[in-house]
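Each chain, letter by letter, is given below.
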Amino acid sequence: MRETKVTADDLIQPLFVLDGEGRSEPVPSMPGIQRLSIDLLIAEAQTIHQLGIPAVAIFPVTPADAKSADAREAYNPTGIAQRAVRAIKDAIPELGVITDVALDPFTSHGQDGLIDETGYVLNDETVEVLVRQALSHAEAGADVVAPSDMMDGRVGAIRNALEAHNYRNVRILSYTAKYASHYYGPFRDAVGSAGNLDSGPSGPGKDSYQMDPANSDEAIHEAALDIQEGADMFMVKPGLPYLDIIRRIKQELGVPTFAYQVSGEYSMLKAAGERGWLDERKCVLEALTSLRRAGADAILTYHARAAADWLQEED
Ligand code: PBG
């Protein structure tokens, strides 16, 4: 009688990667999550692959001295993200690799785009850099590029550039409905963009380009634009507080719809679990089931590896 089932095949594991060798740094606000150097990342990716998780999403941690106002490290062919993609595709070609296309790990101010002297994020100038970044990921062997920046017109620009450079099979997972959410806090700690954002010229917010949590119709407009521009997959982010948005996009547009159970959602479940206030395992599996029930075809979750383990035990 059960309508919805969660399997490892529905999950995608986000991974934080840093420079060096044999390095594993815990993320303090995300207990159980580490930033890993590429050698350790490969071992982790092997385990994830063996558990039946079809893909990983790579998020680089950029050293402060490689950040700049023009974010040029974003398209460095030997940047951390580009090297990580190559290493994973060499070691485990069957494992899907998704890259994050956005400038926040590379800008000295922590915004997802280039800014003018008043701190205003410049849409079209940013899109040019995003295109170069996406091409460098495709060149490194990424299966899917995922623009998470919310600039207007970036999906179309990336699609055209991929076609023009013969990367016709690289897919675009667009962060279609990315809300200006406060649930991203621990992620900003993990990639080291939070401090910069707080002291940056435009203040802490990304409200001028991410969506207002009070809006729902806007998500449908964004998705319609993304369809027109050539996106293959559509992300709603965060997850659990936005089940209605997942449902609307899936039902009204009938496109492959992904949910991102974000860092803050992970940390809440983890913290309550550690205190014995909630049963972490049961609550995580319930949340993932809810995301699937709402209409998510796939779920990015920091709990992917743990959940795949638990699902195996239950089988
Ligand atoms: C930024 C980006 C963010 C996340 C993924 N890509 C954070 C932000 O917009 O500041 C958040 C993911 C999470 O919280 O788990 N390009």
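Keep in mind the model is a prediction, meaning the values are calculated, not measured.

Rules behind the numbers
- Residues numbered from 1 in each chain as written.
- Predicted model: local features only at pLDDT ≥ 70, side-chain atom pairs only at ≥ 80, totals over all residues.
- Near = placed C-beta within 6 Å.
- Nonpolar A, V, L, I, M, F, W, Y, C, P; charged D, E, K, R; others polar.
- Helix = DSSP H or I, 4+ residues; strand = E, 2+ residues; numbered from the N terminus.
- Axes fitted to C-alpha atoms, helices over the stretch in contact; angles between N-to-C directions.
- Parallel < 35°, antiparallel > 145°, perpendicular 65-115°, else oblique.
- Left-handed = near helix turned anticlockwise from the far one by under 90°.
- Contact = placed C-beta atoms within 7 Å.
- UniProt positions renumbered as here; feature names shortened; annotations may be inferred.
- Buried ≥ 20, exposed ≤ 12 C-beta atoms within 10 Å, placed from the backbone.

1. Quick look at the site of the ligand
Every residue lining the ligand is accounted for by Asp100, Ala102, Asp104, Asp112, Ser148, Asp149, Tyr184, Phe187, Arg188, Lys206, Val262 and Ser263. Each residue belonging to the shell around the ligand can be placed in one class, and the counts come to 4 nonpolar, 2 polar and 6 charged.

2. Concerning unusual backbone geometry
Trans is the common state for peptide bonds, and a negative phi is the common state for residues other than glycine. Cis geometry marks the peptide bond from lysine 237 to proline 238, where omega comes out at -10 degrees. On the secondary structure map, proline 238 appears in the loop between strand 8 (233–237) and helix 8 (243–253). Positive phi outside glycine occurs at methionine 150, with the angle close to 70 degrees. When you line up the elements, methionine 150 lands in the loop between strand 6 (144–147) and helix 4 (154–164). Of note, asparagine 166 is a non-glycine position whose phi angle comes to about 70 degrees, a positive value.

3. Remarks on the packing of helix 9 (residues 263–274) against helix 10 (residues 280–294)
At a minimum axis distance of 9 Å, the contact between helix 9 and helix 10 shows a crossing angle of 155 degrees. Put simply, helix 9 runs roughly antiparallel to helix 10. Considering how the two elements wind past one another, helix 9 and helix 10 form a crossing that is right-handed. Contacts between helix 9 and helix 10 involve Leu269, Lys270 and Gly273 on the former and, on the latter, Glu280, Cys283 and Val284. Looking at side-chain class alone, the contact of helix 9 with helix 10 contains 3 nonpolar, 1 polar and 2 charged residues.

4. What about the UniProt feature "binding site: Mg(2+)" (unreviewed entry) in the protein?
Feature annotation in UniProt assigns "binding site: Mg(2+)" (unreviewed entry) to the following positions: Glu222. Inspection of the secondary structure puts glutamate 222 in helix 7 (residues 217–229). For glutamate 222, a count of 22 C-beta atoms within 10 Å corresponds to the buried category. Aside from chain neighbours lying at most four places away, what touches glutamate 222 is Thr176 and Ala177.

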